[in-house]
Amino acid sequence: QVQLVESGGGLAQPGGSLRLSCAASGFIFSSYAMGWYRQPPGKRRELVAAYTRGSIINYADSVKGRFTISRDNAKKSVYLQMNNLKPEDTAVYYCNAAYYLGSGARIDYWGQGTQVTVSS
């Protein structure tokens, strides 16, 4: 019943912009730390931007100043505004919802991913 559905991916030119959206359902959205991760071809999944459980936003160094994460609890959605895109941003982008139990355990939900390709 838990669903995270990403949208907004596609092809962009270097220097262009894309806005990713993630629509959540099936859990108490406001109780979860939301984030975006990506997996470039041939590489492991990496953090792009995420709210911590204290609502502090972490950004990967490679996207600071270019990407902005935001969330709308009323709409149960999280967004990733990506500006000044670079070819190295090409990856499958995943929406993540994390619930921290405080015992060292963490519950994670993942979306299906959306492809972002940056190429001229």
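Criteria and cut-off values
Residues numbered from 1 in each chain as written. Predicted model: local features only at pLDDT ≥ 70, side-chain atom pairs only at ≥ 80, totals over all residues. Heavy atoms only, no water. Helix = DSSP H or I, 4+ residues; strand = E, 2+ residues; numbered from the N terminus. Buried < 20%, exposed > 50% of the residue type's maximum accessible area, 1.4 Å probe, protein only. Contact = heavy atoms within 4.5 Å. Areas by Shrake-Rupley, 256 points an atom, 1.4 Å probe, with all protein chains shown as cover. Disulfide = S-S within 2.5 Å. Salt bridge = Lys/Arg side-chain N within 4 Å of Asp/Glu carboxyl O. Pairing = 2+ DSSP bridges. Axes fitted to C-alpha atoms, helices over the stretch in contact; angles between N-to-C directions.

S.K.: Just to check I follow, could you spell out the overall build of the protein for this structure?
M.R.: If you tally the helices and strands in the protein, you get zero helices and eleven strands. The order of α-helices and β-strands along the protein, N terminus first, is β-β-β-β-β-β-β-β-β-β-β. Principal axes of the C-alpha set define a box for the protein whose edges measure 45 × 25 × 25 Å. Split into buried and exposed, the 120 residues of the protein put 38% on the buried side. The long-range share in the protein, meaning contacts at least 24 apart out of those at least 6 apart in sequence, stands at 55%. Only carbon and sulfur atoms are counted for the fraction: they give 47% of the accessible area of the protein, which is about 6500 Å².

S.K.: Before we go on, may I ask you to explain the state of the cysteines in this structure?
M.R.: Disulfides are covalent bonds that connect the sulfur atoms of two cysteines. Throughout the structure, instances matching the rule amount to one disulfide. Covalent S-S linkage joins Cys22 and Cys95, the inter-sulfur distance amounting to 2.1 Å. On the sign convention where negative is left-handed, the bridge of Cys22 and Cys95, at about -80° about the S-S bond, is left-handed. On the criterion of sequence distance, the pair formed by Cys22 in strand β3 (residues 18–25) and Cys95 in strand β9 (residues 91–100) is long-range, its members being 73 residues apart. The exposure class of Cys22 is buried, given its relative accessible area of 1%. Given the relative accessible area of 0%, Cys95 is considered buried.

S.K.: I'm lost on the pattern of salt bridges in this one. Help?
M.R.: Any two side chains of opposite charge can pair, given that their charged atoms come close. Taken as a whole and assessed by the stated rule, the structure comprises five salt bridges. The salt bridge involving Arg66 is made with Asp89; its shortest N-O contact spans 2.8 Å. Separated by 23 residues along the polypeptide, Arg66 in the loop between β6 (57–59) and β7 (67–72) and Asp89 in the loop between β8 (77–82) and β9 bring together distant segments of the chain. Considered together, Arg66 and Asp89 belong to a single accessibility category, that of buried residues. Residues joined in a network through salt bridges with shared partners are Arg38, Glu46, Arg66 and Asp89.

S.K.: Hey, could you run me through the environment of Tyr109 in this one?
M.R.: Mapped onto the secondary structure, Tyr109 falls in strand β10 (residues 106–110). A relative accessible area of 26% places Tyr109 in the partly exposed class. Apart from the residues lying within four places of it in its own chain, the contact partners of Tyr109 are Val2, Leu4, Tyr32, Cys95, Asn96 and Ala97.

S.K.: Can you walk me through the sheet that holds strand β1 (residues 3–7) in this structure?
M.R.: Working definition: the strands of a sheet are paired by backbone hydrogen bonds and lie parallel or antiparallel to each other. The sheet built from four strands is open, its strands ordered β1-β3-β8-β7 with antiparallel pairing. Looking along the sheet, the strands with just one partner apiece sit at the ends: β1 and β7. If you compare each strand with its neighbour and ignore which way they point, the axes differ by 15° on average. Pairing geometry for β1 and β3, over five bridges, is antiparallel. From the neighbouring strand, Ser7 faces β3, where its bridge partner is Ser21.

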